[in-house]
Amino acid sequence: MKVLITGATGFLGKYIVEELKNNGYQVVAFGRNEKIGKILIDSNVEFFKGDIENKEDYFIGVLDGKVRLLNTEDVIRVYVEDRKVYVVTVEGRFIVRKKLYEVQSTLTKDFIKISQSEIANVKYIHSLDLGLRGTIVINYKNSDISYVSRRMLKEFKMKLGL
C-alpha cells in the first residue's frame, strides 16, 4: 500500500515515515527540508520538497490512472492539447485539472509563455533553432520540441537576453 505523509521532514514526520517503511509500506514523503528528505529516500520512499500550504510548490497530476504529486521544479513544459492541460516533467506527461492560466499563475520566474497554448521552463531548454517562418524552435533536454509563436518572440528573446 502507498501512503502520502505531509510534514515528513518535521519533528514527528520523519519517525512516521521510518515506521511505515519498516512495516512494508511504500511512502511518498512531502516536506520542507530537502536535507532530511534526501536522508529518508530509499527503495520504499519517494521524497518531494515543498510546503503543503504553498500551492506554488506542487501540482496534482494524473498518469495512467494514478494520481501523483508533481514538484514545480521538475516541470519541463505545460501545454494544452485537445482541451486538456498536460504537464511534462522529468518523469513523464501528466494531465492536470487546471486551466493553463491557473497553472501559469503558480509557476516561478523560470517559466515563460511561448504560445497561446504552451509554457516553457527555461532551465530545461537544451538548444534553440531558427524556424523557416521566423519562429524559434525549442529543443528540450528530454528531446521534446516546441515552437515559440511570433506573438511571443519579443518577450521570449527578452527573457533569455537575446
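Everything that follows concerns the structure shown earlier in this document.
This report concerns the structure included in the present document. Bear in mind that the values here come from a model prediction, so they are computed numbers and not experimental data.

Quick look at the sheet that holds strand S13 (residues 145–148) now. Taken together, 3 strands build an open sheet; the order of strands is S11-S12-S13 and the sheet is antiparallel. Two strands bound the open sheet, and with one partner strand each, they are strand S11 (125–130) and S13. Direction aside, the axes of adjacent strands within the sheet are offset by 25° on average. As paired strands, strand S12 (residues 136–140) and S13 are joined by 4 bridges and run antiparallel to one another. Residue pairing across strands places Ile-138 opposite Ser-146, the latter belonging to S13. Strands in contact with helix H4 (residues 153–160) are S11, S12 and S13; relative to S12, the strand with the most contacts, it is inclined by about 50°.

Before going further, it helps to spend a moment on the packing of aromatic side chains. This model, assessed by the stated rule, comprises 1 aromatic pair. Residues Tyr-79 and Tyr-86 carry aromatic rings whose centres are separated by 5.4 Å and whose planes lie at 25° to one another, so their mutual orientation is stacked. Taking the relative accessible area as the measure of exposure, Tyr-86 reaches 8% and is therefore buried.

Attention now goes to helix H1 (residues 13–22). Taken as a whole, H1 has its buried residues at Gly-13, Val-17, Leu-20 and Lys-21. Around the axis of H1, the buried residues are gathered within 100° of arc, so they sit on the same side. Opposite the buried face of H1, at more than 90 degrees from it, the exposed residues are Tyr-15 and Asn-22.

Cut-off values and rules
Residues numbered from 1 in each chain as written. Predicted model: local features only at pLDDT ≥ 70, side-chain atom pairs only at ≥ 80, totals over all residues. Heavy atoms only, no water. Pairing = 2+ DSSP bridges. Helix = DSSP H or I, 4+ residues; strand = E, 2+ residues; numbered from the N terminus. Axes fitted to C-alpha atoms, helices over the stretch in contact; angles between N-to-C directions. Contact = heavy atoms within 4.5 Å. Phe/Tyr/Trp six-rings, centres within 6.5 Å; stacked < 30°, edge-to-face > 60°. Buried < 20%, exposed > 50% of the residue type's maximum accessible area, 1.4 Å probe, protein only. Arc of directions from axis to C-beta.

Take it as geometry only, folks, not as evidence of what the structure does.
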